[in-house]
Amino acid sequence: MSTTMAGGHSEVKSATPEIQEIATSMKGEVESKLGARYDKFDATHFTQQVVAGMIFHIKVATGDADAVHLRCYQPLPHTGDPIALQACKAVGLEEELAVMSPA
C-alpha cells in the first residue's frame, strides 16, 4: 500500500529510462546555470508529484562523489509546452534527494 499523500511527492524511486531522458534534455541548461561542465550525467533516483502536469525531482550523478538535484516541470500534454527546468543545485553524491522549490 502506498503512503503517498494525494498531491504529495512519491517515494524516492530508482531512475527509469524516461527519467534519464528528461535529465539528459536538461543537461545544457544545468551546466549553464551552475557554471560547470559534466562528462557524466546519470540519473540515479527521482520523485514525482502530480499537479497540473508533473513535477520531477531528479538526482543525477556527475562524478565519483558529486551530483546535481533537478526540479523539472512537465506540463499537461494539451498545452504543447516542453518540460522545463525549474531549479538545480550541485550536491554531494551521498546527499539524499530533496524536494526543492522553483527558483
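Residues numbered from 1 in each chain as written. Predicted model: local features only at pLDDT ≥ 70, side-chain atom pairs only at ≥ 80, totals over all residues. Heavy atoms only, no water.

Enquirer: Mind showing me how you'd approach the overall build of the protein chain here?
Expert: A tally of helices and strands in the protein chain yields one helix and five strands. In sequence order, the secondary structure elements of the protein chain are arranged as β-α-β-β-β-β. Counting only C-alpha atoms, the protein chain reaches 35 × 35 × 25 Å along its principal axes. Buried positions account for 38% of the 103 residues belonging to the protein chain. When contacts within the protein chain are restricted to residue pairs at least 6 apart in sequence, those whose partners lie at least 24 apart make up 46%. Total accessible area on the protein chain stands at roughly 6000 Å², and carbon and sulfur atoms take up 54% of it. One way to put it: in the protein chain the 8 positive side-chain charges average out to a point 3 Å from where the 13 negative ones average out. (Helix = DSSP H or I, 4+ residues; strand = E, 2+ residues; numbered from the N terminus. Buried < 20%, exposed > 50% of the residue type's maximum accessible area, 1.4 Å probe, protein only. Contact = heavy atoms within 4.5 Å. Areas by Shrake-Rupley, 256 points an atom, 1.4 Å probe, with all protein chains shown as cover. Lys, Arg positive; Asp, Glu negative; His and termini not counted. Charge placed at Lys NZ, Arg CZ, Asp CG, Glu CD.)

Enquirer: Can you walk me through the nonpolar core in this structure?
Expert: V30, I58 and L70 are the most contacted members of the largest nonpolar core, which totals 18 residues. Of all elements in the fold, only α1 (17–34), β2 (42–51), β3 (53–61), β4 (66–75) and β5 (84–92) reach the threshold of two or more residues within this core. At five residues, α1 tops the list of elements feeding residues into this core. (Core = buried A, V, L, I, M, F, W, Y, C linked by side-chain atoms within 4.5 Å.)

Enquirer: Would you take a moment to explain the sheet that holds β4 for this structure?
Expert: Strand pairing in a sheet is mediated by backbone hydrogen bonds. Such pairs are either parallel or antiparallel. Taken together, the five strands give an open sheet; going across it, the order is β1-β2-β3-β4-β5, and neighbouring strands pair in antiparallel fashion. With one partner strand each, in any of the chains shown, β1 (13–14) and β5 form the two edges of the open sheet. In the sheet, β4 pairs with β5 via eight bridges, with the strands oriented antiparallel. If you follow R71 over to β5, its bridge partner there is A87. Along the sheet, α1 makes contact with β2, β3, β4 and β5, crossing β5 at roughly 75 degrees. (Pairing = 2+ DSSP bridges. Axes fitted to C-alpha atoms, helices over the stretch in contact; angles between N-to-C directions.)

Enquirer: Is there a simple way to explain the pairing of β2 in this structure?
Expert: Regular strands place side chains that alternate from one sheet face to the opposite one. Pairing geometry for β1 and β2, over two bridges, is antiparallel. Among the inter-strand pairings, K13 is bridged to a residue of β2, identified as F46. In terms of strand pairing, β2 meets β3 through nine bridges, oriented antiparallel. Within the sheet, the bridge partner assigned to A43 lies in β3 and is V60.

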